[in-house]
Amino acid sequence: MTAISIGIIKEGKIPVDHRVPLTPEQVKEILTKHPNIHVKCQRSDIRCFKDEEYAAAGAHLVDDVSDCEIILGVKEVPLSMLSAGKTHFFFSHTIKKQEYNRGLLQEILKKNIRLIDWECLTNQNGQRLIAFGRYAGIVGAYNGILTFGKRYNLFHLRPAHECFDLDDMKTEYVKVNLPPVKIVVTGGGRVSKGAMEVLNGMGIRKVSPAEFVNEYFNGPVYTQLNTRDYNRRIGNGNFDRDEFYKDPSQYESAFLPYAQKADVIIAGAFWDPKAPVLFTKEDIVQSDFKVRVIADITCDIEGSIPSTKQPATIDNPVYDYNPSNDRVEAPYSDEGNITVMAVDNLPCELPRNASEDFGKEFLNHILPNLIGEDVDDIIKRASITENGKLTERYSYLQDYVNGN
């Protein structure tokens, strides 16, 4: 079989990201199962796994991976580290025409790079095959409970990034002692499932949306809301999932009954800008709007949640939103404010676990299609550029590339 060289690049984006696309154990598995594959690992002092672990697994430690045919990374690659004529895998954040990455896509085309975006690797039904979403949900929910405990001086948890891994973080759960609060989790995908793992692990009871709104409980509870639970068709008619995702402008928000009962929102649902927002700035100032802590895992700035005014950071994960003047203030500064947790790179707080899950999905779903037959065009669909041009599927980005 033809030899294939795979390089693991050192993450170059600032702020530093400790995650990896493959763990040392996964490198060892690849080398054992595929003798024709050679793995090189660019030396790095920032990874959550040490260079020596990769060397022990059989990878060749190098200072430069530009001679590898396939180069794997996590975040956007700095322009100077892009390797001409090679295949790069990373989250490019270009498919929505993000202005800040226009130059990145221009340089990729100039250097004749085949860009395969992790976000675009999907099955025939459009479901993503590889993602960090579960750990965004896990850390986001944990941060939300941590924030509530800190706001009301109920308990104090170690931040997730100070824990060695998920098992270490779970030892903090026993400290959680919540009054009979109500928590809303939005979404039905990886993110919300990760969030519910944490709430279940903390012993918080799950109830139905109807119970959540209509009943009183002696202890803390949460409910999970899917799209149909908080969106209703304008005028009349039943909720139609296919119609909603095709044209959400036909719908309006039905979230307020939950906001009038909830103390905490953990937002993990994808939001289309054409869809209704969960609630408005005018809703927040009403006397029956109860929410005081929002863990916005989606971190859509001024998107579905108007109090998410800016992203936060791992070191400074929360800020207060003053609903009376629509401004950001210091965290925990006023009882009338809403405390917002809006970190936009949550999986980085548990990089070892997040990387392990990500690499497992790469081995199961991506690698076989990359080195063998591309079943269902999984690799082809995710290829944004090839041979110095945008592929047909992403030709809509041409005006973005041109600067229009």
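Just so you know, these numbers come straight off a predicted model, no measurement behind them.

A.B. asks: Before we go on, may I ask you to explain the pairing of strand 13 (residues 293–296) in this structure?
C.D. replies: Each regular strand shows side chains that alternate between the opposite faces of the sheet. Alternating positions in strand 13 separate into two faces, V293 and A295 on one and I294 and D296 on the other, with burial throughout. Direction of pairing for strand 12 (residues 264–267) relative to strand 13: parallel, over a ladder of four bridges. Each bridged residue has a counterpart across the sheet, and for I265 the counterpart in strand 13 is I294.

A.B. asks: Explain the packing of aromatic side chains here, please?
C.D. replies: To describe a pair of aromatic rings, one takes the distance between the centres and the angle between the planes. Enumeration according to the criterion identifies 19 aromatic pairs in this entry. Ring centres 4.9 Å apart and planes at 40 degrees place the aromatic pair F89 and W118 in the tilted group. Taken together, the positions of F89 in strand 5 (residues 87–90) and W118 in the loop between strand 6 (114–117) and helix 4 (133–151) put the pair 29 residues apart, joining distant regions of the chain. An identical accessibility class is assigned to F89 and W118; each is buried. Taking 5.4 Å as the distance between ring centres and 80 degrees as the angle between the ring planes, the aromatic pair formed by F244 and Y245 counts as edge-to-face. The exposure class of Y245 is partly exposed, given its relative accessible area of 42%. The structure contains a cluster of three or more aromatic residues connected by ring pairs, namely F89, F91, W118, F132, F358 and F362. For R19, the ring lying beneath its charged end belongs to F132, and the centroid distance is 4.3 Å.

A.B. asks: Explain the sheet that holds strand 5 to me, please; I cannot follow it from the model alone.
C.D. replies: By definition, the strands of a sheet pair up through backbone hydrogen bonds, in either a parallel or an antiparallel sense. Reading across the sheet, the eight strands line up as 3-2-1-4-5-6-17-18 and stay open at both edges, with mixed pairing between neighbours. What marks the edges here is a single partner per strand, and that holds for strand 3 (60–62) and strand 18 (389–390). Here two bridges tie strand 6 to strand 17 (residues 383–386), and the two strands are oriented antiparallel to one another. Of the residues in strand 17, the one forming a bridge with L115 is T385. Helix 1 (residues 24–33) contacts strand 1 (4–8) and strand 2 (37–42) of the sheet and is inclined by roughly 155 degrees relative to strand 2. Where helix 3 (residues 102–110) meets the sheet, it contacts strand 5, strand 6, strand 17 and strand 18, and its direction lies at approximately 45 degrees from that of strand 17.

A.B. asks: What exactly am I supposed to notice about the domain arrangement of the protein here?
C.D. replies: Often, the extent of an interface is quoted as the loss of accessible area upon association of its parts. For the protein, the assigned domains read domain 1 (4–129 + 352–402) and domain 2 (133–344). Taking the mean C-alpha position of each, domain 1 and domain 2 sit 32 Å from one another. Residue-level contacts link eight residues of domain 1 with seven residues of domain 2. On the domain 1 side of the contact with domain 2, R352, N353 and D357 bury the most area, a combined 64% of that side's loss. Counting every contact that joins domain 1 to domain 2 gives two salt bridges.

A.B. asks: What should I look at first to understand the sheet that holds strand 12 in this one?
C.D. replies: Spatially, 8-9-7-12-13-16-14-15 is the arrangement adopted by the eight strands of the open sheet, whose pairing is mixed. Pairing within the sheet leaves two strands with one partner each, and these edge strands are strand 8 (205–206) and strand 15 (327–329).

A.B. asks: Teacher, can you tell me more about helix 1 here?
C.D. replies: Note: α-helices contain 3.6 residues per turn, so residues at a spacing of three or four share the same orientation. P24, Q26, V27 and I30 are the residues of helix 1 that are buried. Down the axis of helix 1, the sector holding all buried residues measures 160 degrees, keeping them to one side. Among the exposed residues of helix 1, those pointing more than 90 degrees away from its buried face are E25, T32 and K33. Buried residues in helix 1 make contact with strand 1, strand 2, helix 2 (51–57) and helix 12 (351–371).

A.B. asks: Could you clarify how one ought to interpret the UniProt feature "binding site: NAD(+)" (unreviewed entry) in the protein in this entry?
C.D. replies: With numbering matched to this structure, UniProt assigns "binding site: NAD(+)" (unreviewed entry) to G189, R190 and D229. For R190, the position within the fold is in helix 6 (residues 190–201). Once residues within four sequence positions are removed from consideration, R190 is found in contact with R128, L129, I130, A131, G133, R134 and E361. With respect to the element layout, D229 can be found in helix 8 (residues 227–230). Those residues in contact with D229, other than ones at most four positions away along the chain, are P209, Q224, A254 and Y258. A distance of 2.7 Å separates a polar side-chain atom of D229 from the backbone nitrogen of N226.

Quick notes on the rules
Throughout this description, residue numbers start from 1 for each chain and increase along the sequence as written. In view of the model being predicted, local features appear only for residues whose pLDDT reaches at least 70, and side-chain atom pairs are presented and counted only at 80 or more, with totals across whole chains, interfaces and linings using the full set of residues. As a convention, hydrogens and water are excluded, and side-chain values are obtained from all of the structure's heavy atoms. Using a 1.4 Å probe on the protein chains alone, a residue whose accessible area is under 20% of its type maximum counts as buried, one over 50% counts as exposed, and one in between counts as partly exposed. The helix and strand labels rest on DSSP assignments: H or I over at least four residues marks a helix, E over at least two residues marks a strand, and numbering proceeds from the N terminus. Between any two strands, pairing holds if DSSP finds at least two bridges. Each aromatic pair joins two rings of Phe, Tyr and Trp (for Trp, the six-membered one) with centres within 6.5 Å, and gets the label stacked for planes under 30 degrees apart, edge-to-face for over 60, and tilted for any other angle. Sitting over a ring, as applied to charges here, requires NZ of Lys or CZ of Arg to be within 6 Å of the ring centre and within 35 degrees of the ring normal. Two residues form a contact once any of their heavy atoms are found within 4.5 Å. Axis lines are fitted to C-alpha atoms, over the contacting stretch for helices. Their N-to-C directions set the angle, which ranges from 0 to 180 degrees. What counts as a domain boundary in this text is fixed by an automatic or database domain assignment. Buried area is calculated as the accessible area (1.4 Å probe) missing from two parts once they are joined, with the contributions of both summed. Every case where a carboxyl oxygen of Asp or Glu lies within 4 Å of a side-chain nitrogen of Lys or Arg is listed as a salt bridge. Directions pointing from the helix axis toward each C-beta atom define the arc. UniProt positions are given in the numbering used here, feature names are shortened, and annotations may be inferred rather than shown by experiment. The term polar contact refers here to a pair of N or O atoms within 3.5 Å; inside protein, the definition further demands a hydrogen-donor-capable atom paired with an acceptor-capable atom, and it admits residues adjacent in sequence only when both atoms are side-chain atoms.

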